[in-house]
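Fold and contact review
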Amino acid sequence: MTQSGEPVIGVANLCKCYGDVKAVDGVSFQVGRGEVFGLLGPNGAGKTTTIEILEGLREPDSGSVTVFGMDVTRHAPSIKQRIGVQLQTVSLYPRLTVTELLDLFGSFYAHHLPTKQLIDAVDLGERAKARSMNLSGGQQQRLSIALALVNDPELIFLDEPTTGLDPQARRSLWDLIKGLQERGKSILMTTHYMEEAAELCGRVAIMDHGHILEMGTVPELIGRRFKERAVFFDTTEKLPMTQLGKLAGVTQAAQEDGQTVLYSRDVAGTIGALLALADDQSVEPRNLGIRQATLEDVFLDLTGRALRD
Amino acid sequence: MNTLLRLTVANIRSLVRDRAALFWTFFFPVMFVFLFGWIFGGSSDSKVAIGFVDQDNTQVSMGLQQSFSQVTLLTIQTGSLEAEKAAMQHGDISAIVVVPSGTGAAVAAKSATSIQLYIDPSSSQVSQVVEQIADQIANRFNLQLAGGSSVVGIQQMTLQSTNISTVAYLVPSILAMALMQLGVFAAIPLVQQREKGILKRIGATPLARWKLVGSNVLLRLLVAIVDAVVILGIGLVFFNIQIVGSLLEAAGLVLLGAGAFLAIGFALASFLKTEEQATGVVQVVQMPMMFLSGIFFSFDFLPGFLQTVARFLPLTYLADALRQVMVNGTQVAPLGVDVAVLTGWLVVCLGIAARSFRWE
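Residues numbered from 1 in each chain as written. Chains lettered and ligands numbered in written order. Predicted model: local features only at pLDDT ≥ 70, side-chain atom pairs only at ≥ 80, totals over all residues. Heavy atoms only, no water.

Details of the sheet that holds strand E1 (residues 9-18) of chain A
Residues and elements named next belong to chain A. Taken together, the 4 strands give an open sheet; going across it, the order is E2-E1-E4-E5, and neighbouring strands pair in antiparallel fashion. Each having just a single partner strand, strand E2 (21-31) and strand E5 (70-71) make up the two edges of the open sheet. Pairing of strand E4 (residues 62-67) with E5 involves 2 bridges; the strand directions are antiparallel. If you follow Thr 66 over to E5, its bridge partner there is Asp 71. Running at roughly 120 degrees to E1, helix H1 (residues 47-54) makes contact with E1, E2 and E4 of the sheet. (Pairing = 2+ DSSP bridges. Helix = DSSP H or I, 4+ residues; strand = E, 2+ residues; numbered from the N terminus. Contact = heavy atoms within 4.5 Å. Axes fitted to C-alpha atoms, helices over the stretch in contact; angles between N-to-C directions.)

Digging into the interface of chain B and chain A
Listed per partner, the contact involves 23 residues of chain B and 26 residues of chain A. Both sides of the chain B and chain A interface together cover about 2,400 Å² of buried area, and 59% of this is carbon and sulfur. Contact with chain A buries area across many residues of chain B, yet Arg 17, Arg 201 and Pro 206 of chain B alone supply 30% of it, more than any other trio. The partner of Lys 200 of chain B in a salt bridge is Glu 52 of chain A, with the nearest N and O atoms 2.4 Å apart. Linking chain B with chain A are 7 residue pairs in polar contact (both at pLDDT 80 or more), by the criterion used here. Of all the secondary structure elements, the ones that give two or more residues to the side of chain B that touches chain A are helix H1 (3-16) and helix H10 (198-203) of chain B. (Buried area = accessible area lost by both parts, 1.4 Å probe. Salt bridge = Lys/Arg side-chain N within 4 Å of Asp/Glu carboxyl O. Polar contact = N/O pair within 3.5 Å; in protein donor to acceptor, adjacent residues only side chain to side chain.)

Topic: the side chain of Ser 61 of chain B
Residue and element names in this part refer to chain B. Residue position: Ser 61 is located in helix H4 (residues 59-70). Classification of Ser 61 by relative accessible area gives buried; the value is 0%. Engagement of the side chain of Ser 61 in a polar contact is seen with the side chain of Asp 54, the distance being 3.1 Å. Not counting chain neighbours up to four residues away, the residues in contact with Ser 61 comprise Phe 52, Asp 54, Asp 56 and Val 99. (Buried < 20%, exposed > 50% of the residue type's maximum accessible area, 1.4 Å probe, protein only.)

Brief notes about the nonpolar core
With 134 residues, the main nonpolar core has Tyr 93 and Leu 102 of chain A together with Ile 174, Leu 179, Phe 296 and Leu 322 of chain B as its most contacted residues. Filtering out sequence-adjacent residues up to four positions away, Phe 296 of chain B remains in contact with Phe 32, Phe 36, Tyr 169, Leu 170, Ile 174, Met 177, Met 290 and Phe 291 of chain B. Counting 30 residues, the second-largest nonpolar core is a separate cluster that includes Ile 9, Leu 14, Val 31 and Leu 155 of chain A. (Core = buried A, V, L, I, M, F, W, Y, C linked by side-chain atoms within 4.5 Å.)

Here we look at the packing of helix H8 (residues 218-225) of chain A against helix H11 (residues 295-303) of chain A
Residues and elements named next belong to chain A. Following both chains from N to C, one finds H8 and H11 inclined at 50 degrees, their axes separated by 9 Å at the closest point. Classed by the angle they form, the pair H8 and H11 counts as oblique. For the crossing formed where H8 meets H11, the hand is left-handed. From H8, Val 218, Leu 221, Ile 222 and Arg 225 reach across to H11, where they touch Leu 295, Val 298, Asp 301 and Leu 302. Looking at the contact of H8 with H11 residue by residue, the class counts come to 6 nonpolar, no polar and 2 charged. (Parallel < 35°, antiparallel > 145°, perpendicular 65-115°, else oblique. Left-handed = near helix turned anticlockwise from the far one by under 90°. Nonpolar A, V, L, I, M, F, W, Y, C, P; charged D, E, K, R; others polar.)

Things to note about the environment of Trp 210 of chain B
Within the element layout of this structure, Trp 210 of chain B appears in helix H11 (residues 209-239). Sequence spacing of Trp 210 of chain B and Leu 4 of chain B is 206 residues, and the spatial spacing of their C-alpha atoms is 9.2 Å.

Some thoughts on the pattern of salt bridges
Where side chains of opposite charge bring their charged atoms close, a pairing between them can arise. Residues and elements named next belong to chain A. Per the stated rule, a full pass over the model turns up 17 salt bridges over all chains. Among the salt bridges present, the one from Glu 160 reaches Lys 47, with a minimum N-O distance of 3.1 Å. Taken together, the residues Glu 160 in the loop between strand E7 (155-159) and helix H6 (167-182) and Lys 47 in helix H1 connect sequence positions 113 residues apart. Each member of the pair Glu 160 and Lys 47 is classed as buried. Ionic pairing is found between Lys 178 and Glu 199, a salt bridge with its closest N-O pair at 2.6 Å. Of this pair, Lys 178 sits in helix H6 while Glu 199 is found in helix H7 (residues 194-200), placing the two residues 21 residues apart along the sequence. Taking relative accessible area as the criterion, Glu 199 reaches 34% and is therefore assigned partly exposed. Taken together, the salt bridges that share partners define one network made up of Arg 33, Arg 82 and Glu 154.

Here it is in structure tokens:
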């Protein structure tokens with residue numbers, strides 16, 4: 001934890017219902033200054049609702065929510081001066097250019113950074129005069145982040161910043177976010193890419209159905225559930241789960257995305273036993289491999305389903 | 001620079017860079033003016049509308065009516081003297097022929113009598129033509145029935161006509177239509193911006209929401225003024241319409257009208273969720289209003305039930321008010337009533353929008 005001093009975000013027992021649906025149901029967490037905190041979970045887990053309450057866009061039903069130590073419902077205007085917001089939807093005034101949009105948004109704040117500096121920060125110099133509708137997906141996301149940085153905020157909210165981007169654009173956005181962290185910004189981000197959370201976030205909270213299921217650093221979360229490593233191969237009917245679960249060293253067997261995963265305390269023993277069993281059934285396990293347990297495995301273990309289902 | 005102004009500039013840029021929006025906001029009404037101008041512009045030259053008032057109801061008066069209606073240059077409408085006088089004062093007809101009661105009896109007795117011809121000397125061309133026609137008909141009549149002795153004479157009367165041409169009638173109507181459309185259509189970008197999350201994104205900045213709404217209103221009022229200048233300009237330059245009222249009053253009405261229809265647009269946007277929905281509903285609102293308000297026809301010519309419908313539509317009152325101030329046209333209601341009705345729509349719809357508008 002890189003936390004120091006008073007937390008920039010404090011959430012305690014937050015609840016928010018839409019009709020009968022409890023979108024957020026008793027969520028509590030804190031984010032320290034300079035920390036990158038990730039809210040992870042599938043669509044509908046309550047991440048976006050939580051983040052929008054923190055941004056002052058929605059009112060909580062109950063619970064206490066503070067940003068910079070101030071209550072969000074009572075101090076929204078002064079909080080909004082000091083936060084930067086990037087929402088999932090990005091199309092803002094499609095016919096305005098990058099420069100025009102940054103100038104416009106800057107004018108909403110008491111203090112704002114020079115547009116040129118912002119454009120350089122997100123590497124959009126060549127597209128400064130392009131209309132936002134003509135930008136590529138990755139460029140639009142970078143513009144959306146530049147807009148979130150316009151007031152030089154202390155705390156930045158990023159809601160699924162890389163959804164829908166190709167791997168290269170995602171990498172370059174990760175570099176951008178890491179740069180923000182190095183400059184001491186506090187960041188609260190949501191994602192449903194475990195890999196992204198592992199790469200960027202100091203701490204993560206895993207959410208599902210409006211609850212936080214588990215919270216901690218990524219190694220903590222993995223270590224807490226899996227002392228094991230994972231042996232994986234393409235699922236085949238000839239190797240039934242009941243038998244696989246009994247193989248040497250295996251603590252747990254699971255299936256995800258057409259692959260069978262065996263969590264094992266003794267990888268060598270497990271592979272030996274697996275190959276012997278396969279030989280018996282005269283099949284060869286395809287795409288056999290070994291890896292460390294990941295956040296995906298943690299999520300699967302917590303909820304019984306894969307993250308992107 | 002003030003944020004309200006900056007937002008308005010952003011809105012103007014968005015509009016100017018959107019060709020489809022430009023077409024509907026500016027070129028569509030301009031097209032209407034030219035289209036109607038060309039269709040109706042020539043009509044006052046080729047045909048003259050006159051009123052025929054038969055107070056006699058004899059063979060003689062009917063014969064006279066037939067003679068007038070056989071003249072290809074004329075179109076005839078009949079009615080009471082009062083109604084026809086009113087029509088002439090409104091500029092719907094250019095002259096009136098009156099056959100007084102007792103004419104038939106006088107002709108039978110071969111004693112001298114006269115029919116009355118109301119003309120407006122100020123529109124000399126038309127009145128000369130009508131005078132000549134009436135003379136010819138009277139002469140022919142005297143030849144046939146009275147053997148040449150002049151029994152039927154013509155008594156000339158003058159009546160001031162506003163001499164309003166069809167185009168002059170239509171220009172304020174088209175302006176009213178343009179204002180109605182720019183107001184009601186404002187619902188679409190608003191719903192669009194909400195659907196795309198733009199309203200929400202701006203809600204996460206310290207910007208006061210009234211400025212966002214205010215910039216939208218400013219843009220539309222600006223467009224209303226441009227529309228008014230362009231449409232009136234075309235009317236003045238190409239179709240020789242004359243503006244009788246004060247320009248200041250006209251400008252006030254343009255802003256009031258645009259405001260009332262904007263309020264209607266905002267109220268609509270409060271209940272619509274998707275852009276497709278908005279596009280559909282806006283058409284359902286504006287198309288019938290365009291045709292049922294009778295803006296393209298004189299109100300008096302509308303069938304009774306349509307008049308009733310039209311009396312419920314705000315567009316009727318805006319068109320009426322603009323007509324009264326600009327070309328002194330047919331009056332549907334006193335100007336004060338027009339203004340009151342439009343103000344009522346403005347206040348009620350703004351209230352609805354303020355209560356029900358959703359930002360996301």
